[in-house]
Amino acid sequence: MAEHRTMQRGALLDAARSLLSEGGTEALTFPALAERTGLARSSVYEYFRSRAAVVEELCAVDFPVWAAEVELAMAGVDAPEDKVAAYVRKQLELVGDRRHRAVVAISAGELDDGAREKIRAAHGGLVAMVVDALAALGVPEPRLGAMLLQGVVDAAVRRIELGAAEDPTAITEAAVTMALHGVTGPTP
């Protein structure tokens, strides 16, 4: 019985990811979840009390996986510059992943305070990963630098998701250059 409930919950979360990545937060409704999973609408309420509860569960499940991928990319290099570059590149590489698209859709939507706080905490954990690399590079306020760096990443994510005129690879490399060298680019 517990295994069945776990499978159903997983199916509901997978359906929620698909709905969010396809149509944003407006697409995430209990009737749509029921239709995608073959459950009765009333059965969906047995697993989640609200849309916000679905969002909170997605954050609890997906953010750690996403963060682990970024952390693994950073662990694969040694120099602080390479760690910063890996931090930026891996996040932008994940833009096409359904989990990431769902998280972005969630972040853009109207959420209750509990769901927003979970997203903020997860982002805080992501930002904390790059603080040491920035400190090693001599950034005077590495925590602030990490938060601003994440702003560059977030802007690049939005640019890629909008289907900007630039190739995603060009956006990624521009974000890495900005992260490492600021708006003036590398010195000749």
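Only a predicted model underlies this, so the values are computations on that prediction, with no experimental measurement involved.

A.B. asks: Would you take a moment to explain the overall build of the chain for this structure?
C.D. replies: Each helix and strand counted, the chain has nine helices and zero strands in total. Taking all 188 residues of the chain together, the buried fraction comes to 41%. Split by element, the accessible area of the chain, about 10000 Å² in all, is 56% carbon and sulfur.

A.B. asks: Just checking my understanding: could you explain the pattern of salt bridges for this structure?
C.D. replies: It is possible for side chains of opposite charge to pair when their charged atoms get near one another. For the structure on display, the rule yields seven salt bridges. Where Arg9 meets Glu57, a salt bridge forms, and the shortest distance between an N and an O atom there is 3.6 Å. In this pair, Arg9 is assigned in helix α1 (residues 2-23) and Glu57 in helix α4 (residues 51-75), connecting sequence segments 48 residues apart. Taking the shortest distance from any N to any O, the salt bridge between Arg89 and Glu173 comes out at 2.7 Å. Taken as a pair, Arg89 in helix α5 (residues 80-93) and Glu173 in helix α9 (residues 168-181) lie far apart in primary sequence, 84 residues in all. A relative accessible area of 35% means that Arg89 is categorised as partly exposed. Judged by its relative accessible area of 32%, Glu173 falls in the partly exposed class. Residues participating in the shared-partner salt-bridge network are Asp14, Arg17 and Asp62.

A.B. asks: What is the right way to look at the packing of α5 against α9 in this model?
C.D. replies: For any two helices packed against each other, the geometry is given by the interaxial angle and the distance between the axes. Contact geometry for α5 and α9: axes closest at 9 Å, N-to-C directions at 145°. Seen along the crossing, α5 lies across α9 with a hand that is right-handed. Residues Glu81, Val84, Ala85, Val88, Arg89 and Leu92 of α5 form the contact with α9, whose participating residues are Thr172, Glu173, Ala175, Val176, Ala179 and Leu180. Class assignment for the residues of the contact of α5 with α9 results in eight nonpolar, one polar and three charged.

A.B. asks: Explain α1 here, please?
C.D. replies: Think of an α-helix as turning once every 3.6 residues; residues three or four places apart then point the same way. The end-to-end C-alpha separation of α1 is 31 Å, in line with the 32 Å expected for 22 residues at 1.5 Å each. Among all positions in α1, only Gln8, Leu12, Leu13, Ala15, Ala16, Arg17, Ser18, Leu19, Leu20 and Ser21 are buried. Of the residues flanking the end of α1, it is Gly24, one or two places downstream, whose phi is positive at about 75°.

Calculation rules
- Residues numbered from 1 in each chain as written.
- Predicted model: local features only at pLDDT ≥ 70, side-chain atom pairs only at ≥ 80, totals over all residues.
- Heavy atoms only, no water.
- Helix = DSSP H or I, 4+ residues; strand = E, 2+ residues; numbered from the N terminus.
- Buried < 20%, exposed > 50% of the residue type's maximum accessible area, 1.4 Å probe, protein only.
- Areas by Shrake-Rupley, 256 points an atom, 1.4 Å probe, with all protein chains shown as cover.
- Salt bridge = Lys/Arg side-chain N within 4 Å of Asp/Glu carboxyl O.
- Axes fitted to C-alpha atoms, helices over the stretch in contact; angles between N-to-C directions.
- Left-handed = near helix turned anticlockwise from the far one by under 90°.
- Contact = heavy atoms within 4.5 Å.
- Nonpolar A, V, L, I, M, F, W, Y, C, P; charged D, E, K, R; others polar.
- Expected span 1.5 Å × (residues − 1).

None of this, on its own, says anything about what the molecule does.
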